[in-house]
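# Analysis of the macromolecular model
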Amino acid sequence: NITRPRKIVVKYEDENGELNEVQMFGLEARIFQHEYDHMEGTNFTNHVSKLKLDMAKKRLSKVTKKSQKLVGS
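Procedures and definitions
- Residues numbered from 1 in each chain as written.
- Predicted model: local features only at pLDDT ≥ 70, side-chain atom pairs only at ≥ 80, totals over all residues.
- Heavy atoms only, no water.
- Helix = DSSP H or I, 4+ residues; strand = E, 2+ residues; numbered from the N terminus.
- Rg over C-alpha atoms; globule rule 2.2 N^0.38 Å.
- Contact = heavy atoms within 4.5 Å.
- Areas by Shrake-Rupley, 256 points an atom, 1.4 Å probe, with all protein chains shown as cover.
- Lys, Arg positive; Asp, Glu negative; His and termini not counted.
- Charge placed at Lys NZ, Arg CZ, Asp CG, Glu CD.
- Polar contact = N/O pair within 3.5 Å; in protein donor to acceptor, adjacent residues only side chain to side chain.
- Salt bridge = Lys/Arg side-chain N within 4 Å of Asp/Glu carboxyl O.
- Buried < 20%, exposed > 50% of the residue type's maximum accessible area, 1.4 Å probe, protein only.
- Expected span 1.5 Å × (residues − 1).

Here the focus is the overall build of the protein chain. Broken down by element type, the protein chain carries two helices and two strands. Ordering the α and β elements of the protein chain from the N terminus gives β-β-α-α. Against the globule reference of 11 Å for 73 residues, the protein chain gives a C-alpha radius of gyration of 19 Å, more extended than a compact globule. Considered along the principal axes of its C-alpha atoms, the protein chain spans approximately 60 × 25 × 20 Å. Counting contacts in the protein chain only where the partners sit at least 6 residues apart, residues at least 24 apart contribute 30% of the total. Carbon and sulfur atoms form 55% of the exposed surface of the protein chain, whose accessible area is close to 6700 Å². Measuring between centres, the 14 positive side-chain charges of the protein chain sit 25 Å from its 10 negative side-chain charges.

This is the structure we're talking about:
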């Protein structure tokens, strides 16, 4: 899980060059932040600690090995 603010204020310039500001809450704010991360070239591994990332990689390795055994049977 990635910790993100529940409320954000976004300032942007629209296609007519006009400055706008909008408040986003809850799921809308979370989705916006997620998509903004993509535009900035950031992925979830930049948001988690090295320990949690290492634990996730270890878990992935175990699941991969287990699935390979099942497919090979």
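With respect to the helices, strands and loops of the structure, R4 is situated in the segment before β1 (7-13). Side chain to side chain, R4 and D37 meet in a polar contact 3.1 Å long. If sequence neighbours within four positions are ignored, R4 has contacts with R30, Q33, H34, D37 and H47.

A word on the pattern of salt bridges. The tally for this structure, following the rule as stated, stands at three salt bridges. For R4, the salt bridge identified is with D37, shortest N-O distance 3.1 Å. Pair noted here: R4 is in the segment before β1 and D37 is in helix α1 (residues 26-39), with a separation of 33 residues, a long-range link. Relative accessible area serves as the criterion here: at 17%, R4 is assigned to the buried category. Of the charged contacts, one joins K11 and E21 as a salt bridge, the two residues approaching to 3.9 Å between their closest N and O atoms. A residue pair is termed long-range when its members are at least 10 positions apart, and K11 in strand β1 and E21 in strand β2 (residues 19-25) qualify at 10 residues.

Now for the environment of K62. By the element assignment, K62 lies in helix α2 (residues 50-72). On the basis of relative accessible area, K62 is assigned to the exposed category, the value being 57%. Between the alpha carbons of K62 and F25 there is a distance of 37 Å; along the sequence they are 37 residues apart.

Let's shift gears to α2. With 23 residues, α2 extends 33 Å from end C-alpha to end C-alpha; this agrees with the ideal 33 Å at 1.5 Å per step. Among the 23 residues of α2, one are classified as buried, and the element is accordingly described as predominantly exposed.

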